[in-house]
2 protein chains.
Amino acid sequence: MAVTVNNLSSTREKLMRAKEASAQVGQLSTEQKNSILRAMAEAIEREAARILKANAVDLETSRLAGPMRDRLLLTAERIQGMAQGVRDVAKLADPVRECIAEWRRPNGLLIRKVRVPLGVVGIIYESRPNVTVDTVALALKTGNVLVLRGGKESAHSNQQLVEILSAVPGVPEGAIELLDSSTRDSVEDLIKARGLVDVIIPRGGAELISFVVENSSVPVIETGAGNCHIYIDTSADLDMADPIVINAKTQRPSVCNAAEKLLVHRDIAAEYIPRIVKKLEDAGVEVRGDQETCGLVSSVKPAVPQDWGEEYMRLCMAIRVVGDVGDAIAHINRHSTNHSDAILTRDEVNARRFLNEVDSAAVYWNASTRFTDGGEFGFGAEMGVSTQKLHCRGPFALTELTSTKYEVIGSGQVRA
Amino acid sequence: MAVTVNNLSSTREKLMRAKEASAQVGQLSTEQKNSILRAMAEAIEREAARILKANAVDLETSRLAGPMRDRLLLTAERIQGMAQGVRDVAKLADPVRECIAEWRRPNGLLIRKVRVPLGVVGIIYESRPNVTVDTVALALKTGNVLVLRGGKESAHSNQQLVEILSAVPGVPEGAIELLDSSTRDSVEDLIKARGLVDVIIPRGGAELISFVVENSSVPVIETGAGNCHIYIDTSADLDMADPIVINAKTQRPSVCNAAEKLLVHRDIAAEYIPRIVKKLEDAGVEVRGDQETCGLVSSVKPAVPQDWGEEYMRLCMAIRVVGDVGDAIAHINRHSTNHSDAILTRDEVNARRFLNEVDSAAVYWNASTRFTDGGEFGFGAEMGVSTQKLHCRGPFALTELTSTKYEVIGSGQVRA
C-alpha cells in the first residue's frame, strides 16, 4: 500500500472537506438520497469482481483468524447481501425535516422542533467491510457526511468500496471520507477534531472504545460491551428457562447481547442448577460458579471475583446463587455493563421491579437477551447499541443519527 | 474557610455516595418528589436569615464587580423568588417513567421505550447561588442525583443552601453533593469520573466550557456561547427591524441570546445602516463595521477579522453588508456559535431557506433572538441552552434530564 507522505495534515484536510460537504449533503431531498442509495446498490453489484479482488489482497496479508477473519471475508453472496441492505435503507422513512413538535406561545411566536442531520459523523470500527457499506447508507439517508476509520486489515476492501460508492452520480464531493488505517494518528486526529466532526461512534473492542471515550473532545456515542445477565426467579417456568438460557448463551456467543452470567434464586438452585449445567455443558459451554453452585455440580469451576465483571464473548458462563430478586438487581447493577439483562419469572411484581430497577439499556421479562438489535427491534437497520445514557440508549439507527433545531416564526416580537 | 485535608479522595467519596444514592432517588414517586420540593421551598423561606448571612460573608470576601457581583448577591426578595421557582418545578409534569413508544413485534415481543433518570448529573457553574437551588429542583424532579461544583466566590452561600435542602425530610443521603470550590482539582476529578457520573453540564464562561469539553471522559452537554446574528433582507419591514435589533442587542447584552452581529442586504444598506447606527448609538452601543458600513457612517469603527467570531456580551455590535441571503447564511455558518440567528424579511422563500440552511440551535424569522430560553419557549424552567447536536439542542429542561430504557416483555421468545 502506498505510504501517505503527510498523514497528519491529510486527515485534517479530509475532515475539512467533510465539514465543507455537510451543508450540501444535509440539503439533499429524500428522493435524491433514495435514488443515490439505489444507484449505490447497483454499483456494488456491478463492481463485485473488483471488490472481491481487493478483499483477496486483504485476506492474503491479514493475520486475523477465526471469527475475525470471517468478518473480513467477502463472497459474491455477501456482496449481494450488502447491496440488498442498501436498498432496504432506501425504503425506510427519512427522519430529516420531520417536525416532531409545534406550538404557539401566548405572544404569538410559533415554535417548531424539526429533525436535522447531525452533520459530520465519524465511525471507528474493525476490519469488517460490510460495516463500511451499511454505515455509508445510514449516514447518507440521514443527510450526514460520514468519516470512516476502519481496521487496517480491511484497507484494500474499504478503499475500493469507498471509491465505488463515492463515484455514484449525485454523491457530493467529501460526503464519504476514508481515513488512513495504517496508523493510530488518524484516530487521534479524528477524535480531537472538535468543530469539524459532530459525533464519533466507536464500534469494536472494549479497549478501542475506552480509548475513544477517554480521549475524544468530540461527543461520543459509546457502543458496547455486554456483560449480560439472566436471573431465574423462584417462580420461573423452568421449561421456558432452559431454551432461553441456551439461546442467550450459545446462539452467537461472540456478540454483545449474548448472556454471560446466570443468577438463580436459592429456593430453586438445587433443582435448576444441575439441570441447566448439564444442558450448557452438552452445548459445549464451560461453566464457572460461586461456592454454592460448585457445591451442587462437581464439574463447575470456581469463579474468581473478576469473572462477575467479564464479558466472555465465547462459550463460557458463570452462575451465582442469589437470595431474592433484590439481590439479583443489586448484583446486576454492580457488575453489568448496562446492556441487556433478563428476569425469567411468573411473578409480575418481581418482574416489574426488575424492569424498573435494573439500570440497563434493555431489560427483559421472559425472553432471550439476544433481541437487543436494531433489526430485531424493528428499526430496519442498526448503527450500533448505545450503552451510555446521553442522546440514545440501546439499539439505534436512523432517528438517532439526527439532531433537532428550533424554528421560531414571529411577526416582530421583542422580549419585554 | 476550613481547608479539606484530602480533597482528592473527598471528591471521589462524594461521587461514590452520589452514585450509591442514584438508585433510591430514581425510584422516588412523583408525589414524593413534589412533596419534597414544596418542603424545600418552605425551608428556603424559613432559613432566609441564615442564607443572607452566608451570602454576606461571600460578598465581603469577593473580588467580583459589576454584573458578576450582582449575580452573587442575594436579597430577601431573591430568596423568595428562589423558593417560588422550586414550587413552580413541583407543578411541572414529571417525565420519569413516561412510556414514549410501545409496539409489538411479529414474534409477540412487546417493546416499550420508557423515560428514566440520567442517574448522576454534574454541574459546574459560576458564583450564582440561585443556580444551586434551580438545579437541585430540576434534578430532584427528574429523579437524578446532583453533584454541584459552584464558583468559589459563592462557597458560603452554596454550603448553607445545600445543607438546608439536604436536611429536608425525604431527601436521600447523597442526593445533593457539593464539591470543594476552592481548587480546580474537584473539577478535574468530576470530569474524569466515568462510571460514577452520567453527564456533566458546564455553565459559565467560554474558557471553562472549553476546558470541560476538551478534558471530560464523562459525556457533556455543552452550553453556551452565543455569537448571534440578525440578517436584514432586502424585503424586510424596516419599522419592524428597528425594535428587534435594539431589543436583541440592548435588552440584556450580557446573555448568550443577545445579538452581536448585524448583516444587511446591500440593496438597502445605504437606507438602513445610517438609520440603525443612529438608534444603536443613541442606546449606548459601540458600532463596528466592514468597509462598506464605515463608508456609510463616519462614526463606525472598522471591524477587524476577529470581530466576526467574537461574543461581545456588552453594548457593542458589528455590521456587515452582504450580497444576498446566501451570503448571509454562509457568513453565519462560518462565524456563528450555532446558538440563535434571525432573518428579518417579508420574503417567505428567503425565510424558509434561512431557517433550513442556518445550522443553529434556534433560527428566527421576524423576531428577536432573545427568546432562546426555556421559560420563553414555555418549558417552565431551564437547565441551560445546548449548543451541541448530541442529546439535546437549544434550551433544555426536565425532559432532557432523562434518558430512556427499553422494556422487552416476552413469553419465552428465543432468537432464531
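This one's a predicted model, so the numbers in the text were calculated from it and none came from an experiment.

Cut-offs used in this document
Residues numbered from 1 in each chain as written. Chains lettered and ligands numbered in written order. Predicted model: local features only at pLDDT ≥ 70, side-chain atom pairs only at ≥ 80, totals over all residues. Helix = DSSP H or I, 4+ residues; strand = E, 2+ residues; numbered from the N terminus. Rg over C-alpha atoms; globule rule 2.2 N^0.38 Å. Buried ≥ 20, exposed ≤ 12 C-beta atoms within 10 Å, placed from the backbone. Contact = placed C-beta atoms within 7 Å. Nonpolar A, V, L, I, M, F, W, Y, C, P; charged D, E, K, R; others polar. Pairing = 2+ DSSP bridges. Domains from an automatic or database assignment. Axes fitted to C-alpha atoms, helices over the stretch in contact; angles between N-to-C directions. Least-squares fit on C-alpha atoms with pLDDT ≥ 70 in both. Parallel < 35°, antiparallel > 145°, perpendicular 65-115°, else oblique. Left-handed = near helix turned anticlockwise from the far one by under 90°. pLDDT = per-residue confidence, 0-100. Expected span 1.5 Å × (residues − 1). Core = buried A, V, L, I, M, F, W, Y, C linked by C-beta atoms within 7 Å. Right-handed = clockwise from strand over helix to strand, strands pointing away.

Draft legend 1. Summary view of the overall build of chain A. Along its length, chain A carries 15 helices and 16 strands. Since a compact globule built from 416 residues should have a radius of gyration of about 22 Å, the 24 Å found for chain A is in line with a globular shape. Out of the 416 residues in chain A, the part that is buried amounts to 53%. Pairs at least 24 apart in sequence give 72% of the contacts found in chain A among residues at least 6 apart.

Draft legend 2. Molecular detail of the interface of chain B and chain A. Each partner contributes to the interface: chain B provides 56 residues, whereas chain A provides 55 residues. For the side of chain B that touches chain A, the secondary-structure elements that each account for two or more residues are helix 9 (206-215), helix 10 (238-250), helix 14 (348-357), strand 13 (362-367), helix 15 (374-377) and strand 16 (402-413) of chain B. Ranked by residue count, the leading element in the side of chain B that touches chain A is strand 16 of chain B, at 11 residues. For the side of chain B that touches chain A, a count of residues per class yields 25 nonpolar, 19 polar and 12 charged. Bridge count for strand 16 (residues 402-413) of chain A against strand 13 of chain B is five bridges, and the pairing is parallel. Residue pairing in the sheet places Gln413(A) in a bridge with Ala367(B) of strand 13 of chain B.

Draft legend 3. Spotlight on the domain arrangement of chain A. All names here are of chain A. The domain boundaries assigned to chain A delineate domain 1 (7-222 + 391-409) and domain 2 (228-376). With centres defined by C-alpha atoms, the gap from domain 1 to domain 2 works out at 35 Å. Contact residues are listed per partner, giving six residues for domain 1 and six residues for domain 2. Considering every element that reaches the side of domain 1 that touches domain 2, the biggest residue donor is strand 15 (residues 394-396), with three residues.

Draft legend 4. Molecular detail of the environment of Arg275(A). Note that Arg275(A) resides in helix 11 (residues 266-282). Distance in space between the C-alpha atoms of Arg275(A) and Leu109(A) is 66 Å, their sequence separation being 166 residues.

Draft legend 5. View of the sheet that holds strand 16 of chain B. Read across the open sheet, the 10 strands follow the order 10(A)-9(A)-11(A)-8(A)-7(A)-12(A)-13(A)-16(B)-2(B)-1(B); overall the sheet is mixed. Among the strands making up the open sheet, the edge pair consists of strand 10 (301-302) of chain A together with strand 1 (99-104) of chain B. Seen against the sheet, helix 11 of chain A touches strand 7 (228-232), strand 8 (259-265), strand 9 (286-289) and strand 11 (316-322) of chain A and runs at an angle of roughly 150 degrees to strand 8 of chain A. Helix 14 (residues 348-357) of chain A contacts strand 7, strand 12 (340-344) and strand 13 (362-367) of chain A together with strand 16 of chain B of the sheet and is inclined by roughly 155 degrees relative to strand 13 of chain A.

Draft legend 6. Representation of the sheet that holds strand 11 (residues 316-322) of chain B in the model. Taken in spatial order, the 10 strands make up an open sheet running 1(A)-2(A)-16(A)-13(B)-12(B)-7(B)-8(B)-11(B)-9(B)-10(B), and their pairing is mixed. Edge positions in the open sheet fall to strand 1 (99-104) of chain A together with strand 10 (301-302) of chain B, since each of these has one partner strand only. For strand 7 (residues 228-232) of chain B and strand 8 (residues 259-265) of chain B, the ladder comprises five bridges, and the chain directions are parallel. By the bridge assignment, Ile232(B) is partnered in strand 8 of chain B with Val264(B). Along the sheet face, helix 13 (residues 325-335) of chain B touches strand 7, strand 8, strand 11 and strand 12 (340-344) of chain B and points at about 140 degrees away from the line of strand 11 of chain B.

Draft legend 7. Examining the relation of the copies chain B and chain A more closely. Note on the copies: chain B fits chain A at an RMSD of 0.0 Å, the axial shift is 0.0 Å, and the rotation between them is 180 degrees. In short, the pair behaves as if placed about a two-fold rotation axis. Measuring from the rotation axis to each C-alpha of chain B, the shortest distance belongs to His391(B), at 1.8 Å. Most of the interface of chain B is mirrored in chain A: 98% of its interface residues are interface residues there too.

Draft legend 8. Main features of unusual backbone geometry. Residues and elements named next belong to chain A. A positive phi angle, near 60 degrees, is found at Asn 366, a position not held by glycine. Note on placement: Asn 366 falls in strand 13. Even without a glycine there, the phi angle at His 391 is positive, about 75 degrees. Inspection of the secondary structure puts His 391 in the loop between strand 14 (384-386) and strand 15.

Draft legend 9. Looking closely at the packing of helix 10 (residues 238-250) of chain A against helix 11 of chain A. All names here are of chain A. Taken N-terminus to C-terminus, the directions of helix 10 and helix 11 make an angle of 40 degrees; their axes are 10 Å apart at the nearest point. In this view, helix 10 runs oblique relative to helix 11, as classed from their interaxial angle. Where helix 10 crosses over helix 11, the handedness of that crossing is right-handed. Contact with helix 10, carried on its side by Leu 238, Asp 242, Val 245, Ile 246 and Lys 249, involves Tyr 272, Ile 276, Lys 279 and Leu 280 of helix 11 and no other residues of that element. Residues that form the contact of helix 10 with helix 11 fall into these classes: six nonpolar, no polar and three charged.

Draft legend 10. Local environment of the confidence of the model for chain A. Residues and elements named next belong to chain A. Per-residue confidence for chain A averages 95 on the pLDDT scale, and 98% of its residues sit at or above 70. In this model residues 1-9 is a low-confidence stretch, pLDDT under 50, and it forms 10 contacts with partners more than four residues away in sequence or in other chains. Among the prediction metrics, the complex's ipTM stands at 0.94, with pTM recorded as 0.93.

Draft legend 11. Here's a closer look at helix 6 (residues 129-141) of chain B. All names here are of chain B. Look at helix 6: 19 Å from first C-alpha to last across 13 residues, which is about the 18 Å you get at 1.5 Å a residue. Burial within helix 6 is extensive, with 11 of its 13 residues counted as buried. Considered for burial, the residues of helix 6 that qualify are Pro 129, Val 131, Thr 132, Val 133, Thr 135, Val 136, Ala 137, Leu 138, Ala 139, Leu 140 and Lys 141.

Draft legend 12. Layout of the nonpolar core. One finds Val86(A), Ile200(A), Val86(B) and Ile200(B) to be the most contacted residues of the largest nonpolar core, which totals 130 residues. Not counting the four nearest positions on each side in its chain, Val86(A) is found in contact with Leu37(A), Met40(A), Ala41(A), Ile44(A), Val133(A) and Ala137(A). In terms of nonpolar packing, the next biggest core, distinct from the first, is built from 56 residues, Ile111(A), Ala248(B), Ile276(B) and Val285(B) among them.

Draft legend 13. Expanded view of the pairing of strand 8 of chain A. All names here are of chain A. With respect to burial, strand 8 is a largely interior element, seven of its seven residues being buried. Handedness of the crossover is the feature at issue here: the chain leaves strand 7, passes through helix 10, returns alongside strand 8, and the resulting connection is right-handed. Both strand 8 and strand 11 contribute to a ladder of five bridges, which runs parallel. Bridged to Leu 263 within strand 11 is Arg 320.

Draft legend 14. Looking closely at the environment of Val168(A). All names here are of chain A. Within the fold, Val 168 resides in the loop between helix 7 (155-166) and strand 5 (176-178). Note: C-alpha distance between Val 168 and Ala 39 (129 residues apart in sequence) is 6.6 Å. Once residues lying within four places of it in the same chain are set aside, the contact partners of Val 168 are Ile 36, Ala 39, Met 40 and Ala 43.

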